[in-house]
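# Fold and geometry: a report
Letter by letter, the chains look like this.
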Amino acid sequence: MSEKIILNIVIDVQKDFITGALANPAAQANVAHLAATAKAHAEAGHWMFFTRDTHPDNYLETREGRHLPVEHCIEGEDGWNFAPELEAAMADTEPEVSHIVNKPTFGSYMLPSDILDELMAHNKAVTDIEKFIIYGYCTDICVISNAMVLRAAFPETEIEIQSDCCAGVTPESHQTALDALRACQFTIL
């Protein structure tokens, strides 16, 4: 029997969500803890998937841009990059699997496919997944969206939300998202 895999899904830990265009005091307060958590999980042998909110230059012309008219995470610009705390924490860490998913919207419909591709590349099956651990920014937008995508794709797999490594747009929307995730049978840590 093969060893079970724990997959970490680290959501949008990018400069624009911490100190940039959509600066967030809660993210600023916990990014060092998030980075240390990611490093510890990688060193423990967890597979690491990092999503990156990725928008084109014409972001303001997109549906999202018309509803949130703040240019952010424009591909190639500084705010699109991962937080320096996360980059530094992961620099000397070599997880068995480290995968970046650039996503053009809140939830990545490609994330389950990328996970399945990595499983196949490592001669593993869905039944080899012990659980997912999800954390990052923003709890009430991209974290909840990607958690729901994974729940639909992997309905029998445990999914945990590491809430001390998340931040919502506001403390209230963060809590509302955690309550919604709990109602949908996610484990909130």
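What comes next concerns the included structure.

Cut-offs used in this document
- Residues numbered from 1 in each chain as written.
- Predicted model: local features only at pLDDT ≥ 70, side-chain atom pairs only at ≥ 80, totals over all residues.
- Heavy atoms only, no water.
- Pairing = 2+ DSSP bridges.
- Helix = DSSP H or I, 4+ residues; strand = E, 2+ residues; numbered from the N terminus.
- Contact = heavy atoms within 4.5 Å.
- Axes fitted to C-alpha atoms, helices over the stretch in contact; angles between N-to-C directions.
- Disulfide = S-S within 2.5 Å.
- Polar contact = N/O pair within 3.5 Å; in protein donor to acceptor, adjacent residues only side chain to side chain.
- Phe/Tyr/Trp six-rings, centres within 6.5 Å; stacked < 30°, edge-to-face > 60°.
- Buried < 20%, exposed > 50% of the residue type's maximum accessible area, 1.4 Å probe, protein only.
- Lys NZ or Arg CZ within 6 Å of the ring centre and 35° of its normal.
- Salt bridge = Lys/Arg side-chain N within 4 Å of Asp/Glu carboxyl O.

### A look at the sheet that holds strand 3 (residues 98–103)
The strand order across the open sheet built from 6 strands is 3-2-1-4-5-6, with neighbouring strands paired in parallel fashion. At either end of the open sheet lies a strand with only one pairing partner, and these are strand 3 and strand 6 (187–188). One ladder, built from 6 bridges, connects strand 4 (residues 129–137) with strand 5 (residues 158–167); its direction is parallel. Bridge pairing in strand 5 links Ile134 to Ile161. Here helix 7 (residues 171–183) sits on the sheet and contacts strand 5 and strand 6; the angle it forms with strand 5, its principal contact strand, is near 175°.

### As for the state of the cysteines
All told, the structure shown has 0 disulfides when counted by the stated rule. Free cysteine Cys138: the closest other cysteine sulfur is in Cys142, separated by 6.9 Å.

### Considerations on the environment of Asn146
By the element assignment, Asn146 lies in helix 6 (residues 139–153). Along the primary structure Asn146 and Pro171 are separated by 25 residues, whereas in three dimensions their C-alpha atoms are 20 Å apart. Discounting chain neighbours no more than four positions away, the residues touching Asn146 are Ile11, Lys103, Phe106, Gly107, Ser108 and Leu111. Polar side-chain contacts of Asn146 include one of 2.8 Å to the backbone oxygen of Cys142.

### Some remarks on the packing of aromatic side chains
Applying the stated criterion across every chain yields a total of 2 aromatic pairs. With centroids separated by 5.1 Å and ring planes inclined at 50°, the aromatic side chains of Phe132 and Phe154 adopt a geometry described as tilted. With Phe132 in strand 4 and Phe154 in the loop between helix 6 and strand 5, this pair connects stretches of sequence that are 22 residues apart. A relative accessible area of 0% places Phe132 in the buried class. Here Phe154 falls in the buried class, since its relative accessible area comes to 3%. A cation over a ring is seen here: Arg52 above Trp80, with NZ or CZ 4.0 Å from the ring centre.

### So, the pattern of salt bridges
Summed over all chains, the structure comprises 6 salt bridges. Two residues, Lys103 and Asp12, come together in a salt bridge whose shortest N-O distance is 2.9 Å. In this pair, Lys103 sits in strand 3 while Asp12 sits in the loop between strand 1 (5–11) and helix 1 (15–18), placing the two residues 91 residues apart along the sequence. By relative accessible area, Lys103 is classed as buried at 0%. The exposure class of Asp12 is buried, given its relative accessible area of 0%.

### Digging into the side chain of Ser173
Assignment of secondary structure puts Ser173 in helix 7. Take Ser173: its relative accessible area is 19%, and that puts it in the buried class. Not counting residues up to four positions away in its chain, the partners in contact with Ser173 are Asp140 and Gly168.

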